[in-house]
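Notes for the structure review
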Amino acid sequence: MIKVQALRKSFGANEVLKDINVTIKPQEVVVVIGPSGSGKSTFLRCINLLETITAGHILIEGKDITDKQTDINKIRAEVGMVFQHFNLFPHKTVLENIVLAPLKVKKVDKDQAREKALSLLKKVGLEEKANVYPDSLSGGQKQRVAIARALAMEPKIMLFDEPTSALDPEMVGEVLEVMKQLAREGMTMVVVTHEMGFAREVGDRVLFMDGGYIVEENIPKHLFESPQQERTKAFLSKVL
Amino acid sequence: MDFRFDIIMEYAPYLLKGTLITIGLSLAGIVIGTILGLFIGLGKMMRNKYLAFPFTVYITVFRGTPLLVQVLLIHFGVVPFFIGETHAVAATIIALSLNAAAYIAEIFRAGIASIDRGQMEGARSLGLSHVQSMRHIILPQAFKRMIPPLGNEFIVLIKDSSLASVIAAPELMYWGRAMSSQYFRTWEPYLTAAVIYLILTLLLSILLHSLERRLATE
C-alpha cells in the first residue's frame, strides 16, 4: 500500500532522514518509535508531503507521490493525518471542523456531510459536542475530534504524529482507545508514539528509528523482548 | 473670556457639510486602503524575493515620508499630470488610500504571520489547496486578530484626513480654518472641530468593539 524507497530528507546541511526503505501493507498498523530527533516525525510528514522530499520515492497504491505530475491535494485527501497539537480550527465549531474538507474538497452534499460528521462524533464519543468551539474542549476531546475530522475524508491510511504527547496523562487512554478501535476495524495506520504499551498491544510491526535510519524492525513481541541492535537495547532500557 | 456660540451656529451648515465630506474621505480611504493593503501585504509575503521587493519598497516609502508631503505631491503633481488640473477631493482620497495601504499591508502581513503553522498544515493535510486553506482557515482567523490594529489605523486615517484642509478640500478642518480666519477666533472653530473628530473616532471604536465581540469564539 505504501512503499518508501531510499527516502532522504535534509533541512539545509542537516540530513534528518538517510535512506529509509519500508513497505506498509493494507490494514497493517505500523508503530514508529525512537528518541527525539531520530527523524520519525519527519518520516511521517514526508508520507503526505508536508515535507518536501530531498531524494527517493514514496508510492501510495502504486502512485509515486514524489512525481511532479501527481496532484498532491488528491493524495492528501486519501491520507488522514492526526497531529500532536491537534491543529483544530478554532474559529469553527466541532461540526464545521469535520465537514469542511468533505464539503470543499470532495464536494459532498451538505446534509450527507453533516450526517457523516455526527456519526463520526458518536464513534469517538463526542456527539454532544457538535456545536461547541474547540477551545471549550479538553485535550483528549480535541484529539478525538481531530481523528473524526481526518476520518470524515474516508482516508485509506491514517498517520498519527505523537497523538498523545501533548495530553495530560489522564486523557491519553481515551485517545488510544479510539485508535485501537480504528485498528480493529482494519484501518491502515502509521503511528509515531512514545506509548510503548500501545505499540506492543496494537502494532503489527514496530520500527525503531535513530539518527535518520530505521535501525531495527520486527513484530512488537520480538522487538521489545529480544532486540538485536545495541541502539535498540539502549533505547528500550531507558523507556521500558 | 466670552465663547461665541453664535458664530458656531452660523457656520453649522458648513461644519455639517465638512463633517460629511470628512466621513466620505475617510470611508473611501478605509475601503480603498484596505483592499490595496491586502494585496500589498500578500505581495510582500511572496516567497520570490524579487517579486516581493517592489511591495517592500512601496511600504518603506509611504511609511517613511510625511503624509502632508504625499498630499502635496499628489495634489500639485500626480493628479494634474494625469487629468491636467488639480482636484482636491480626488487627491485626498488617493493620498489617504495609498498611505493607509502601506500601514494596512503590514497589519495584514503580521496578522497572517501570527497564525500558527499547524493551521495551514491541518488544512493542507485534509486535501485543501493553498488558496482554500488561506480563504477558509488562515484569513478568517488572521482577520479577527487584525481588528484592533486596523481600528487604530482607521482612527488615524479619520484624523489625518484633516491634512486635506491645506489643499482646500472642503472637509471639516477646512471649514474650521475658514471660520477662524473670518472672525479671528481660535477656541470656537477648533474646539468645535475637535469635538466632531472625537465623536467620529468614538463611534468608530464602538463599532469595532462590537464587531470584535461578535467574532469571539468560546
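Calculation criteria
- Residues numbered from 1 in each chain as written.
- Chains lettered and ligands numbered in written order.
- Predicted model: local features only at pLDDT ≥ 70, side-chain atom pairs only at ≥ 80, totals over all residues.
- Heavy atoms only, no water.
- UniProt positions renumbered as here; feature names shortened; annotations may be inferred.
- Contact = heavy atoms within 4.5 Å.
- Buried area = accessible area lost by both parts, 1.4 Å probe.
- Salt bridge = Lys/Arg side-chain N within 4 Å of Asp/Glu carboxyl O.
- Polar contact = N/O pair within 3.5 Å; in protein donor to acceptor, adjacent residues only side chain to side chain.
- Helix = DSSP H or I, 4+ residues; strand = E, 2+ residues; numbered from the N terminus.
- Nonpolar A, V, L, I, M, F, W, Y, C, P; charged D, E, K, R; others polar.
- Axes fitted to C-alpha atoms, helices over the stretch in contact; angles between N-to-C directions.
- Parallel < 35°, antiparallel > 145°, perpendicular 65-115°, else oblique.
- Left-handed = near helix turned anticlockwise from the far one by under 90°.

The name an unreviewed UniProt entry gives chain B is Polar amino acid transport system permease protein, with Peribacillus deserti as the organism. According to UniProt, the comment filed for chain B under the heading Subcellular location (unreviewed entry) is "Cell membrane".

Chain A has the name Polar amino acid transport system ATP-binding protein in an unreviewed UniProt entry, where Peribacillus deserti is given as its organism.

If you look at the interface, chain B gives 20 residues, while chain A gives 26 residues. In total, about 1,900 Å² of surface goes out of reach between chain B and chain A, with carbon and sulfur atoms giving 58% of it. Taken together, chain B and chain A are joined by one salt bridge. Between Glu 121 of chain B and Arg 45 of chain A there is a salt bridge, with its nearest N and O atoms 2.6 Å apart. In this structure, the connection of chain B to chain A is made through seven residue pairs in polar contact (both at pLDDT 80 or more). Tallying contributions element by element places helix α5 (residues 117–125) of chain B first for the side of chain B that touches chain A, with eight residues. Classifying every residue of the side of chain B that touches chain A by side-chain character gives five nonpolar, ten polar and five charged.

The subject of this paragraph is the UniProt feature "domain: ABC transmembrane type-1" (unreviewed entry) in chain B. Taken from the UniProt record, the annotation "domain: ABC transmembrane type-1" (unreviewed entry) applies to residues 19–208 of chain B. Between the C-alpha atoms that bound residues 19–208 of chain B the distance is 20 Å, and the span itself is 84% helix and 0% strand.

Attention now goes to the packing of helix α1 (residues 5–44) of chain B against helix α8 (residues 187–214) of chain B. All names here are of chain B. At a minimum axis separation of 11 Å, α1 and α8 run at an interaxial angle of 40 degrees. The pairing of α1 with α8 is recorded here as oblique in orientation. α8 is crossed by α1, and the crossing has right-handed handedness. Contacts between α1 and α8 involve Ile 7, Ile 8, Leu 15, Thr 19, Thr 22 and Ile 23 on the former and, on the latter, Glu 188, Thr 192, Ile 196, Tyr 197 and Leu 200. Residues of the contact of α1 with α8, tallied by class, amount to seven nonpolar, three polar and one charged.

Further remarks concern the UniProt feature "transmembrane region" (unreviewed entry) in chain B. Residue and element names in this part refer to chain B. Using the residue numbers shown here, the UniProt feature "transmembrane region" (unreviewed entry) corresponds to residues 20–43, 55–83, 89–108 and 187–208. Regarding residues 20–43, the helix share stands at 100% and the strand share at 0%, and the terminal C-alpha atoms are separated by 34 Å. Helix makes up 93% of residues 55–83 and strand 0%, with an end-to-end C-alpha separation of 26 Å.

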